[in-house]
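Single-letter residue listing:
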Amino acid sequence: MSRSLGNRLCDNPMGSHGVVATCPRPLVAYLRVSTDKQGRSGLGIEAQRTAVLAFAETNGFTIVAEHQEHETGKGADALERRPQLAAALASARKLRCPVIVAKLDRLSRDVAFIAGLMAQRVPFLVAELGENADPFMLHIYAALAEQERRLIAARTKAAMAGLKARGVRLGNRTNLAEASAKGASVNRADADAFAANVLPVIESIRAAGAGSHRAIATELNARRIETARGGAWSAVQVGRILTRSTPKPHVFHV
């Protein structure tokens, strides 16, 4: 979800007495949660917003736009799976200002992904690290976080191997139908989450004058926003997103 917070920059840079006033510098906020990670990070949308607003107020910035991402499942560490991040980058380029996040892991826990973002030539600020954390420091923090994740995965794998060596049966082979149903449910949730993320972008394109599904698809491709499967957009796929996002009528059973 994207929203503009209006033009909060000062209209009269000379001030009321002819003295040059200090205008707050613009920032574009990027907030992200995921269904499987939100609880562990302890940073929901409201907590992230509070953190970036406090940073802005303390350091002489103002939040001029906010982009929210709700993603789930694998493949999230790819820009095409983050349409709101792509939109935040586009907003920051237009305004020539940084993108701010509450914590570095709201961008990613993957060093390569963060390095790719740095190559976008849009500066990033991390509220918990302060204004002076340069790209080199961000790479270091990302590398440490990734190494910690790898160590946790290695310890978990070793523990599971130890249980298996002692004859402990892992998993549950009696609930295949239930597992299959849960897998389908996860796939639907992934599709719904992607549709929810890309719909505000589509709506902004429609508001700019694109009246047909084909015109919307052309603009999405021009913005380098890929489909959920990493491909180019077509009019049919735009229609599917709009259909999925249309509220379904409730059926009452008598």
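The rules we used
- Residues numbered from 1 in each chain as written.
- Predicted model: local features only at pLDDT ≥ 70, side-chain atom pairs only at ≥ 80, totals over all residues.
- Heavy atoms only, no water.
- Helix = DSSP H or I, 4+ residues; strand = E, 2+ residues; numbered from the N terminus.
- Buried < 20%, exposed > 50% of the residue type's maximum accessible area, 1.4 Å probe, protein only.
- Contact = heavy atoms within 4.5 Å.
- Areas by Shrake-Rupley, 256 points an atom, 1.4 Å probe, with all protein chains shown as cover.
- Patch = residues over 30% accessible without salt bridge, like charges linked within 9 Å, V, L, I, M, F, W, Y side chains within 5 Å.
- Salt bridge = Lys/Arg side-chain N within 4 Å of Asp/Glu carboxyl O.
- Core = buried A, V, L, I, M, F, W, Y, C linked by side-chain atoms within 4.5 Å.
- Phe/Tyr/Trp six-rings, centres within 6.5 Å; stacked < 30°, edge-to-face > 60°.
- Lys NZ or Arg CZ within 6 Å of the ring centre and 35° of its normal.
- Arc of directions from axis to C-beta.
- Lys, Arg positive; Asp, Glu negative; His and termini not counted.
- Polar contact = N/O pair within 3.5 Å; in protein donor to acceptor, adjacent residues only side chain to side chain.
- Pairing = 2+ DSSP bridges.

## Concerning the overall build of the protein
Moving on, step 1. Looking only at helices and strands, the protein features 8 helices and 5 strands.
Moving on, step 2. Its helices and strands in sequence order give the protein the pattern β-β-α-α-β-α-β-α-β-α-α-α-α, from N to C terminus.
Moving on, step 3. Within the protein, the fraction of its 254 residues that count as buried is 35%.
Moving on, step 4. For the protein, the proportion of contacts with a sequence separation of at least 24, taken over those separated by at least 6, is 67%.
Moving on, step 5. A total accessible area of about 15400 Å² is found for the protein, and carbon and sulfur atoms account for 57% of it.

## A few points about a nonpolar patch on the surface
Moving on, step 1. There is a patch of nonpolar side chains on the surface, built from Phe136, Met137, Ile140, Tyr141 and Leu144 and spanning about 510 Å² of accessible area.
Moving on, step 2. Within the secondary structure, Phe136 is located in helix α5 (residues 135-165).
Moving on, step 3. A relative accessible area of 60% places Phe136 in the exposed class.

## Quick look at the pattern of salt bridges
Moving on, step 1. Per the stated rule, a full pass over the model turns up 5 salt bridges.
Moving on, step 2. With a shortest N-O distance of 2.8 Å, Arg49 and Glu66 are connected by a salt bridge. Taken together, the positions of Arg49 in helix α2 (residues 45-59) and Glu66 in strand β3 (residues 61-71) put the pair 17 residues apart, joining distant regions of the chain. The same class applies to Arg49 and to Glu66, which are both buried.
Moving on, step 3. For Arg206, the salt bridge goes to Glu203, with nearest N and O atoms at 3.4 Å. With a gap of 3 residues between them, Arg206 and Glu203 both fall in helix α6 (residues 176-207), about one helical turn apart.
Moving on, step 4. Salt bridges sharing common partners tie together Glu46, Arg49 and Glu66.

## Re the nonpolar core
Note that soluble globular proteins tend to have their nonpolar side chains buried in a common cluster.
Moving on, step 1. Within the largest apolar cluster, 24 residues are counted, with the highest numbers of intra-cluster contacts made by Val28, Leu107 and Phe124.
Moving on, step 2. Elements that contribute at least two residues to this core include exactly β2 (25-34), β3, α3 (83-95), β4 (99-101), α4 (111-118), β5 (124-126) and α5.
Moving on, step 3. It is α4 that contributes the most residues to this core, 5 residues altogether.
Moving on, step 4. Ile202, Ile225, Val238 and Leu242 belong to the second largest nonpolar core, which has 16 residues in total.

## Some thoughts on the packing of aromatic side chains
Moving on, step 1. Under the defined criterion, the tally for this structure stands at 1 aromatic pair.
Moving on, step 2. Summarising the aromatic geometry, the rings of Phe55 and Phe61 are spaced 5.9 Å apart at their centres and angled 20° between planes, so their arrangement reads as stacked. Just as Phe55 is buried, Phe61 falls in that class too.
Moving on, step 3. Above the plane of the ring of Phe61 lies Arg25, whose end atom (NZ or CZ) is 3.8 Å from the centre.

## A closer look at helix α8 (residues 235-245)
Moving on, step 1. Every buried residue of α8 is listed here: Val238, Gly239, Ile241 and Leu242. Looking straight down α8, one finds its buried side chains confined to an arc of 160°; they lie on one side. Those residues of α8 that are exposed and angled more than 90 degrees off the buried face are Val236, Arg240 and Thr243.

## Some thoughts on the side chain of Glu69
Moving on, step 1. Looking at the secondary structure, you find Glu69 in strand β3.
Moving on, step 2. An unpaired buried charge is present at Glu69: no salt bridge exists, and Arg82, the closest side chain of opposite charge, is 5.1 Å distant.
Moving on, step 3. A distance of 3.1 Å separates a polar atom in the side chain of Glu69 from the backbone nitrogen of Gln84.
Moving on, step 4. For Glu69, the side chain forms a polar contact with the main-chain nitrogen of Leu85, separated by 3.0 Å.

## Digging into unusual backbone geometry
Moving on, step 1. Positive phi, close to 55°, is recorded for Arg96, a residue that is not glycine.
Moving on, step 2. Mapped onto the elements of the fold, Arg96 is located in the loop between α3 and β4.

## Looking at the pairing of β2
Moving on, step 1. Most of β2 is tucked away, with 9 of its 10 residues classed as buried.
Moving on, step 2. Pairing of β2 with β3 involves 10 bridges; the strand directions are parallel. Bridged to Ser34 within β3 is Glu71.
Moving on, step 3. Bridge analysis of β2 against β4 gives 2 bridges, and the strand direction is parallel. Paired with Val28 across the two strands is Val99, which belongs to β4.

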